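# Remarks on the overall topology
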Amino acid sequence: MKIGVMSDTHGNIEFLRMAAEQLMEKRAEIIVHLGDDYDDASTLTEFRIEVVKVPGVFGSSYQDPNIPNRVIREFNGTKVLITHTAESHKNDLPSDLKPEEVTEKRAINVLLFGHSHIPSLVEKEGILFVNPGHLKAKDKKGHQPSYSVIDFEEGKVTARIIDLLNNNETDALSIVL
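The structure reproduced in this document is the subject of the present report. Given the structure is predicted, the values throughout are model-derived calculations rather than measurements.

Overall, mixed pairing links the 5 strands, which are arranged β4-β5-β6-β8-β7 in an open sheet. What marks the edges here is a single partner per strand, and that holds for β4 (70-75) and β7 (120-124). The sheet shows a mean angle of 20° between the axes of neighbouring strands, direction not considered. With 3 bridges joining them, strand β6 (residues 110-112) and strand β8 (residues 127-131) adopt parallel strand pairing. Of the residues in β8, the one forming a bridge with Leu 112 is Val 130.

Encoded structure:
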């Protein structure tokens, strides 16, 4: 199973659509949007693909108890935490899952997060942490717009960072489950 992961679109619908088009070409089955801005993800419905989304910590949706801020989903038998931040945040609701507790208990194999706008793939104690970067036209942290493609195979997960503007892989990391 292949999913696409994007984060921190911040209203840049043009780049969101560009990333979605590239993900469709790569045969992604699901697109995950990690927030900032939560409402941007509604544009993805035009691609007729399942969308999983969580809000960013500073958006009004983050304070809505009817919208989950963190979700655990299973992709091809692999448990994944979907969140805007890799750690608890001061704006969390009391009922929110705490990423630190979830990872400490090894309740997941992969943690998807955004927020920093810095693309990264890191394995920590058997858990793959994936930050797809951002989809802004210009970012003060100096990173190009990017997203991630993750392949969930039996016993193995491979994540790739894709430079949006060049549509090429800039980093990849696999973990064996």
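Picking up after the structure, the text goes on.
A contiguous patch of negative charge on the surface is contributed by Glu 87, Glu 100, Glu 101 and Glu 104. Following the sequence through the fold, Glu 100 ends up in helix α2 (residues 99-104). Among the residues examined, Glu 100 registers a relative accessible area of 33% and is labelled partly exposed.

Glancing now at the pairing of strand β10 (residues 156-163). Here β10 lies mainly inside the structure; 6 of its 8 residues are buried. With 8 bridges connecting them, β10 and strand β11 (residues 168-176) associate as antiparallel partners. Residue pairing across strands places Ala 159 opposite Leu 173, the latter belonging to β11. If you look at the hairpin formed by β10 and β11, you'll find 4 residues sitting between the two strands, and Asn 167 has a positive phi there, around 50°.

A word on the layout of surface pockets. The space that makes up the largest pocket amounts to roughly 160 Å³. Taken together, Ala 86, Glu 87, Pro 99, Glu 100, Thr 103, Glu 104, Arg 106, Leu 111, Lys 124, Glu 125, Ile 127 and Phe 129 form the lining of the largest pocket. Secondary structure elements with two or more residues in the lining of the largest pocket: α2 and β8. Per element, the largest residue contribution to the lining of the largest pocket is 4 residues, and it comes from α2. Here the lining of the largest pocket is composed, by residue class, of 5 nonpolar, 1 polar and 6 charged.

What counts, and at which threshold
- Residues numbered from 1 in each chain as written.
- Predicted model: local features only at pLDDT ≥ 70, side-chain atom pairs only at ≥ 80, totals over all residues.
- Heavy atoms only, no water.
- Pairing = 2+ DSSP bridges.
- Helix = DSSP H or I, 4+ residues; strand = E, 2+ residues; numbered from the N terminus.
- Axes fitted to C-alpha atoms, helices over the stretch in contact; angles between N-to-C directions.
- Patch = residues over 30% accessible without salt bridge, like charges linked within 9 Å, V, L, I, M, F, W, Y side chains within 5 Å.
- Areas by Shrake-Rupley, 256 points an atom, 1.4 Å probe, with all protein chains shown as cover.
- Salt bridge = Lys/Arg side-chain N within 4 Å of Asp/Glu carboxyl O.
- Lys, Arg positive; Asp, Glu negative; His and termini not counted.
- Charge placed at Lys NZ, Arg CZ, Asp CG, Glu CD.
- Buried < 20%, exposed > 50% of the residue type's maximum accessible area, 1.4 Å probe, protein only.
- 1 Å grid on protein atoms, 1.4 Å probe; cavity = no way out; pocket = protein on both sides within 12 Å on 5 of 7 lines; lining within 4 Å.
- Points joined across faces, edges and corners; volume = space filled by probe spheres on them.
- Nonpolar A, V, L, I, M, F, W, Y, C, P; charged D, E, K, R; others polar.

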